[in-house]
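For reference, the chains in residue letters:
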Amino acid sequence: MQAREAPLDVEVAIVGGGPAGLATALFMRELEPELAKGLIVLEREEYPREKICAGAVGARALRLLSLIGARPEVPHVTIRAIEARTRYGSVRAEHDDAGWVIRRREFDAALAATVQARGLELRTREKLVGLHTLADGRVELVCESGLCVRARAVVGADGVGSYVRRAAGFTQGELRAQAIEIDCRPLAGELREGTVLFDLSDASLPGYAWKFPTPLGGETMVSHGVYAVKSQALRGTSRAGLAGKEAGPSVGCTLKESLLDRTAHLQALGPWRRYAERGIAPGAVLGKGPILLVGEAAGIDPVLGEGIAQAIEYGLWAARHLSAGARRGRFNFDGLGLGQLDGLLGFDLRVRSRVLELVYGAGRPVSERLVARSPALAHAGLSYFAGRSIARGELARASFDLALAGLGALRETALRR
Ligand SMILES: Cc1cc2nc3c(=O)[nH]c(=O)nc-3n(C[C@H](O)[C@H](O)[C@H](O)COP(=O)(O)OP(=O)(O)OC[C@H]3O[C@@H](n4cnc5c(N)ncnc54)[C@H](O)[C@@H]3O)c2cc1C
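Residues numbered from 1 in each chain as written. Predicted model: local features only at pLDDT ≥ 70, side-chain atom pairs only at ≥ 80, totals over all residues. Heavy atoms only, no water.

Turning our attention to the state of the cysteines. For the coordinates displayed, the defined rule picks out 0 disulfides. C53 takes part in no disulfide bond, and the closest cysteine sulfur to it belongs to C184, at a distance of 17 Å. (Disulfide = S-S within 2.5 Å.)

Take a look at the structure:
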């Protein structure tokens, strides 16, 4: 694609206007207002646009946006409880305001409107189709429209199929999971108010099924979905544990079958929709010269496929690194990876990138029992999702339960030998 006009010179180009890209722009404006004046966000769609997603956002991310007055005020269902079902029983944890379930069409459009209202440059219908590094170290971006942008730093926030990731030569990383969803009308009495349900009781599925309330057309409907990790992501897993429904090349069929089984008796409000998810891999590289990856282009939670809150947290992380680069007078993100993600986001993603095997592989019975028998762990998980501090007693109890589960796993392994 040939450039149609003189290149546009900017300091920072953000590719992708989902939560990761838009949050990066907004946090950059807070941290480095001068730098933000030389910023451009390139988004291939026009808002409001659809994004296949169940829309559960932890309050920790909403609070981050509130800190800069950018929480999108959109229709939502407040999450007041989380329920997990396993073969060994169920557990429920409650919280007065753990987060929201939103529709991405509305949430992302509202964030984009805030970006524009704050004077930041956001161009829609600009699909990136070319990326080259110039001799002077800048990056040239070419869009399908012919728009050419030259930037001193580039943020790849273009989601699961990231063009930036591919074109800049980052290791491909695996698309480690798939998810399928459908919106349905609730049956009478089916929904417990504000409860998000994770059903792990089908052990032949290397994942879980969800049921979330969702705000649709002024009513509360139900998002039903199934998430499954690909078998390649479960290295070393005993395939026997996955019974006849091993997720692999046929993961899509498995998911569809499972979703249709669960929702056959319900009134669907649209077609089912399926999409890949990029769970972050251990040791993932996130920076290369002047290019930084964020959000699902970088990798999100591989265990539950949660990515909206992480995308927003990534935005703050990226803005800090852009700000540091601007102060140094040089943008170089070499050496940044999962190990350098700081704070709770880094800790959380590092842990989750390493426990897939325990959750859905050979360790599944142990982890399911742990979930079912440790209300303290469920409460701690919900507090984290909500961004509330975890009470000391709860943390101690959850750690004790985890240690007991670890010992149980060791004993089972020893007995099997
Ligand atoms: C079925 C399903 C259910 C899910 N449910 C949840 C949930 O309940 N809670 C949760 O937290 N997460 C959920 N997720 C994950 C979540 O949707 C993503 O992790 C999240 O959207 C990542 O945000 P992002 O900004 O990184 O990427 P995206 O939201 O994907 O945004 C990327 C943006 O880049 C644009 N783009 C792409 N390519 C180009 C290009 N070449 N040029 C310009 N622009 C481009 C896209 O149009 C898009 O606007 C779910 C995912 C799926 C598939």
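Side-chain pairs of opposite charge can arise whenever the charged atoms involved come near each other. In total, this model carries 29 salt bridges according to the counting rule given. One salt bridge in this structure joins E306 and R60, with 3.3 Å as the shortest N-O distance. Linking E306 in the loop between helix 7 (295-298) and helix 8 (308-328) with R60 in helix 3 (residues 59-67), this pair joins segments that are 246 residues apart in sequence. E306 gets classed as buried once you look at its relative accessible area, which sits at 11%. Linking R364 and E368 is a salt bridge whose minimum nitrogen-to-oxygen distance equals 3.1 Å. (Salt bridge = Lys/Arg side-chain N within 4 Å of Asp/Glu carboxyl O. Helix = DSSP H or I, 4+ residues; strand = E, 2+ residues; numbered from the N terminus. Buried < 20%, exposed > 50% of the residue type's maximum accessible area, 1.4 Å probe, protein only.)

What follows deals with the sheet that holds strand 10 (residues 177-184). Strand order in the open sheet made by the 8 strands is 3-5-4-11-12-13-10-14, with mixed pairing throughout. Of all strands in the sheet, those with a lone pairing partner are strand 3 (56-58) and strand 14 (273-277), marking the two edges. Each neighbouring strand pair of the sheet contributes to a mean axis angle of 30°, computed without reference to strand direction. Sheet analysis places strand 3 next to strand 5 (residues 89-101), joined by 3 bridges and oriented antiparallel. Note on strand 5: the bridge partner recorded for V57 is W100. (Pairing = 2+ DSSP bridges. Axes fitted to C-alpha atoms, helices over the stretch in contact; angles between N-to-C directions.)

To continue, consider unusual backbone geometry. The residue after Y47, namely P48, is reached through a cis peptide bond having omega -5°. With respect to the secondary-structure elements, P48 resides in the loop between strand 2 (39-42) and strand 3. Although it is not a glycine, R125 sits at a positive phi angle of roughly 55°. Summarising the element assignment, R125 is placed in the loop between strand 6 (121-123) and strand 7 (128-133). Given the relative accessible area of 59%, R125 is considered exposed.

The terminal C-alpha atoms of helix 6 (residues 251-263) lie 18 Å apart, and with 13 residues this matches the ideal 18 Å at 1.5 Å per residue to within 8%. Turning to helix 6, its buried residues are V251, G252, T254, L255, S258, L259 and T263. Seen end-on, helix 6 carries its buried residues on one side only, within an arc spanning 160°. Turned more than 90 degrees from where helix 6 packs its buried face, C253 and D261 sit exposed. The inward-facing, buried residues of helix 6 abut strand 10, strand 13 (219-229) and strand 14. (Expected span 1.5 Å × (residues − 1). Arc of directions from axis to C-beta. Contact = heavy atoms within 4.5 Å.)

Looking at the secondary structure, you find R104 in helix 4 (residues 104-117). Owing to a relative accessible area of 7%, R104 belongs among the buried residues under this scheme. Of the polar contacts made by the side chain of R104, one reaches the side chain of D108; its length is 2.9 Å. Setting aside its immediate chain neighbours within four residues, R104 contacts P19, R49, K51, C53, A109 and I308. (Polar contact = N/O pair within 3.5 Å; in protein donor to acceptor, adjacent residues only side chain to side chain.)

All of the buried residues in helix 3 are A59, R60, A61, L62, L64 and L65. Directly beyond the C-terminal end of helix 3, a positive phi value near 65° is found at G69.

What follows covers the confidence of the model for the protein. The predicted model of the protein has a mean per-residue pLDDT of 89, with 92% of residues at 70 or higher. pLDDT under 50 marks residues 236-249. Its contacts with residues more than four places away, or in other chains, come to 24 contacts. (pLDDT = per-residue confidence, 0-100.)

Let us now look at the pairing of strand 4 (residues 77-86). Most of strand 4 sits out of view: 7 of its 10 residues are buried. Across 9 bridges, strand 4 lies against strand 5 in antiparallel orientation. Its bridge partner lying in strand 5, T78 is registered against W100. Counting the residues in the hairpin turn of strand 4 and strand 5 gives 2 residues. Strand direction decides the pairing type here: strand 4 and strand 11 (residues 195-199), joined by 5 bridges, are parallel. If you follow R85 over to strand 11, its bridge partner there is D199.

It is at 5 Å that the axes of helix 3 and helix 12 (residues 375-386) come closest, and there the two elements cross at 25°. If you check the angle between helix 3 and helix 12, you find them roughly parallel. For the pair formed by helix 3 and helix 12, the contact residues are A59, R60 and R63 on the first element and Y384, F385 and A386 on the second. When grouped by side-chain class, the residues that make up the contact of helix 3 with helix 12 number 4 nonpolar, no polar and 2 charged. (Parallel < 35°, antiparallel > 145°, perpendicular 65-115°, else oblique. Nonpolar A, V, L, I, M, F, W, Y, C, P; charged D, E, K, R; others polar.)

On to the nonpolar core, then. Judged by nonpolar contacts, the single largest core of 76 residues is most densely connected at V12, F27, F107, L141, I312, Y314 and L322. It is helix 8 that contributes the most residues to this core, 10 residues altogether. Apart from residues no more than four positions distant in its own chain, Y314 is found in contact with I280, L286, V294, G295, A298, G299, L341, L345 and L349. Grouped together as the second largest cluster of nonpolar side chains are 28 residues, V77, A84, V101 and W210 included. (Core = buried A, V, L, I, M, F, W, Y, C linked by side-chain atoms within 4.5 Å.)

This part takes up the site of the ligand. Looking at the ligand, there are 38 residues lining it, with E43, R104, L128, E296 and I308 nearest. Interatomic distance of 2.4 Å between a side-chain N/O atom of E296 and an oxygen atom of the ligand. In the environment of the ligand, a nitrogen atom lies 3.5 Å from a nitrogen or oxygen atom belonging to the backbone of G305. Computed on the free molecule, the ligand has an accessible area of 1,000 Å², of which 95% lies beneath the protein chains in the complex. Of all the secondary-structure elements, those providing two or more residues to the shell around the ligand are helix 1 (19-31), strand 12 (207-216), strand 14, helix 7 and helix 8. Of the residues contributing to the shell around the ligand, the split by class is 18 nonpolar, 8 polar and 12 charged. Of the residues that make up the shell around the ligand, three or more belong to each of domain 1 (8-55 + 103-174 + 280-350) and domain 2 (176-277). (Near = heavy atom within 4 Å. Areas by Shrake-Rupley, 256 points an atom, 1.4 Å probe, with all protein chains shown as cover. Domains from an automatic or database assignment.)

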